[in-house]
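# Inside the fold
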Amino acid sequence: MLYKQFHDLRLSQLMLGTVQLGMNYGIANRSGRPSYKEARDIIACAYEGGVNCLDTAASYGDSEEIIGRALAELGLTDKIIIITKVAPVPQEVIEAGKAEEFISRSVITSLKRLRLDVLPICLFHREENVECMAALLQLKERGLLRHAGISVMATGATRDIIGSGQAEALQIPANLLDHSFVRQGICDLAARKGMAVFVRSIYLQGLLIMDEKDIPADLREEVLPVIRILRQLAGQAGLSLPEMALRYVLGLPGVTALLAGAEKVEQVRQNISMVAGGALPRDLMEAISNVVPDFSDRVIVPAMWHR
C-alpha cells in the first residue's frame, strides 16, 4: 500500500468510502447496502490490505454507527483514521444565527456514533457552508477535531476556499470523465498550500464501469463514445477500465488519497490490488486527457442526472 503524510497523519492513498454501508448508493449498485456483518468484513479486509483511513458523513444513513460498532468489535478504533462530514447546515439555520449550535451538535453526535474522543479530520459537506468555518475551527480549538476542511463541487468556489487559508483539507470529484478540477489547476494549488486533497467519485458513481446497456439513456449519447475510446486505451495498455480509472486518479498532481467504496469484500480486494500498480504512465495520462472533452455539469454531476 502507498501512503502519504498529512501533518501528523500517515494516510493510505486508498481510502475506503463508506456511504454504501449506511444507505443504498450508486447508479451501478444492484445489490443494495450490505448487511452489518458484510460491512464489518469490508472494513476488516480493507485494514488487512493496508488501508488505514475511511470516509463517512453524518448524512450517510447509519454509516457512522456501523463504523463505530465494527471498529470496536475488530479492535481497530485507534488504528483507522476517520474522515467524516458535518451534516449540511440549512441556510435558514445560518440566517437564524444558530449555525454554531447546529455544527457543534453534529460533531458531538458523530463522535458518539463513531465511539471517538476526537475526530481526526472533519469536513463541511457543502462548500456553501464555508461561511461557517469559524464555528468548525472553534471545535478544533476545543479539541473535538484535529483538522478541518470542506467537500466541494465547484472549481471557482474552491479557489476562494484555498485562498482563504482556513481549510486544511479538500474533498473533490475527479475521474476519467471529469477533468474540471485538474484542468483548473486546483490540485496543484491546494498542494502548494500544504492541503490534503481527497478525491471522490473515481468511478462516477459506477457509471464508468457499468454495462453499456445500463447507462441511462439521457447520458448515453454524450458519454458512450468517450467511454469506448477510454476502454480501447485501457486495452492497449493491458488494463481493465476500472483499473485505469483508479490509477488515473493516483497520477493526478497533489492527490493525497482516493476514495473507493464497496458493497462486497471482493471489491475491496480488487481495489487494493489495483492501487498497488501505482500511477499510470505519463503518456497514458496525456492520452486520456486528449480524448476527454469538458463535459457539462449535467453529465459529470450525479445530482443532476435524470432531471
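See the structure above.
Cut-off values and rules
- Residues numbered from 1 in each chain as written.
- Predicted model: local features only at pLDDT ≥ 70, side-chain atom pairs only at ≥ 80, totals over all residues.
- Heavy atoms only, no water.
- Pairing = 2+ DSSP bridges.
- Helix = DSSP H or I, 4+ residues; strand = E, 2+ residues; numbered from the N terminus.
- Axes fitted to C-alpha atoms, helices over the stretch in contact; angles between N-to-C directions.
- Core = buried A, V, L, I, M, F, W, Y, C linked by side-chain atoms within 4.5 Å.
- Buried < 20%, exposed > 50% of the residue type's maximum accessible area, 1.4 Å probe, protein only.
- Arc of directions from axis to C-beta.
- Contact = heavy atoms within 4.5 Å.
- Right-handed = clockwise from strand over helix to strand, strands pointing away.
- 1 Å grid on protein atoms, 1.4 Å probe; cavity = no way out; pocket = protein on both sides within 12 Å on 5 of 7 lines; lining within 4 Å.
- Points joined across faces, edges and corners; volume = space filled by probe spheres on them.
- Nonpolar A, V, L, I, M, F, W, Y, C, P; charged D, E, K, R; others polar.
- Salt bridge = Lys/Arg side-chain N within 4 Å of Asp/Glu carboxyl O.
- Parallel < 35°, antiparallel > 145°, perpendicular 65-115°, else oblique.
- Left-handed = near helix turned anticlockwise from the far one by under 90°.

### Description of the sheet that holds strand S6 (residues 119-124)
- Read once around its circumference, the closed barrel built from eight strands follows the order S3-S4-S5-S6-S7-S8-S9-S10, with strand pairing classed as parallel. Neighbour-to-neighbour, the strand axes of this sheet turn through a mean angle of 30°, independent of strand direction.

### Concerning the nonpolar core
- Within the largest apolar cluster, 102 residues are counted, with the highest numbers of intra-cluster contacts made by Ile 103, Val 107, Leu 136, Leu 177, Leu 230, Met 244 and Ile 288.
- Element by element, the count of residues in this core is highest for helix H10 (residues 217-236), at eight residues.
- Phe 6, Ile 121, Ala 169 and Phe 198 belong to the second largest nonpolar core, which has 14 residues in total.

### Details of helix H12 (residues 265-275)
- Three or more residues of H12 are buried, namely Val 268, Asn 271, Ile 272, Met 274 and Val 275. Taken down its axis, H12 places every buried residue within 165° of arc, on the same side.
- The secondary structure elements touched by the buried residues of H12 are strand S3 (14-17), helix H2 (36-48), helix H11 (241-250) and strand S10 (257-261).

### Concerning the pairing of strand S5 (residues 81-86)
- With six of six residues buried, S5 is to be regarded as a mostly interior element.
- The parallel pair strand S4 (residues 53-55) and S5 is bridged by helix H3 (residues 63-74), and the resulting crossover is right-handed.
- Inspection of the sheet shows S5 paired to S6 by four bridges, in the parallel sense. Its bridge partner lying in S6, Thr 84 is registered against Cys 122.

### A closer look at the layout of surface pockets
- Counted as a void, the second largest pocket has a volume near 190 Å³.
- Along the lines of polarity and charge, the residues of the lining of the second largest pocket split into six nonpolar, one polar and five charged.

### Considering the pattern of salt bridges
- The final tally for this structure, using the stated rule, is 17 salt bridges.
- One salt bridge in this structure joins Arg 33 and Asp 62, with 2.6 Å as the shortest N-O distance. With a gap of 29 residues between them, Arg 33 in the loop between helix H1 (19-22) and H2 and Asp 62 in the loop between S4 and H3 connect regions that are remote in the sequence.
- A relative accessible area of 33% means that Arg 33 is categorised as partly exposed.
- Here Arg 228 ties to Glu 212 by a salt bridge, and the two come within 2.9 Å at their closest N and O atoms. Taken together, the residues Arg 228 in helix H10 and Glu 212 in the loop between strand S9 (196-200) and H10 connect sequence positions 16 residues apart.

### Some details on the packing of H10 against helix H13 (residues 282-291)
- Their axes nearest at 10 Å, the elements H10 and H13 cross at an angle of 165°. Between H10 and H13, the angle is such that the two are roughly antiparallel. H10 and H13 meet at a crossing whose hand is right-handed. Contact with H10, carried on its side by Val 226, Ile 229, Leu 230 and Leu 233, involves Leu 284, Ala 287, Ile 288 and Val 291 of H13 and no other residues of that element.
- Considered class by class, the residues forming the contact of H10 with H13 number eight nonpolar, no polar and no charged.

### Some thoughts on empty space enclosed by the protein
- Applying the stated rule across the entire model yields one cavity of 30 Å³ or more.
- Estimates place the volume of the largest cavity at around 50 Å³.
- Forming the boundary of the largest cavity are Leu 14, Met 15, Leu 16, Ala 46, Val 51, Ala 260, Val 268 and Asn 271.
- Of all the secondary-structure elements, those providing two or more residues to the lining of the largest cavity are S3 and H12.
- Top element by residues in the lining of the largest cavity is S3. It accounts for three residues.
- Residue composition of the lining of the largest cavity, grouped by class: seven nonpolar, one polar and no charged.

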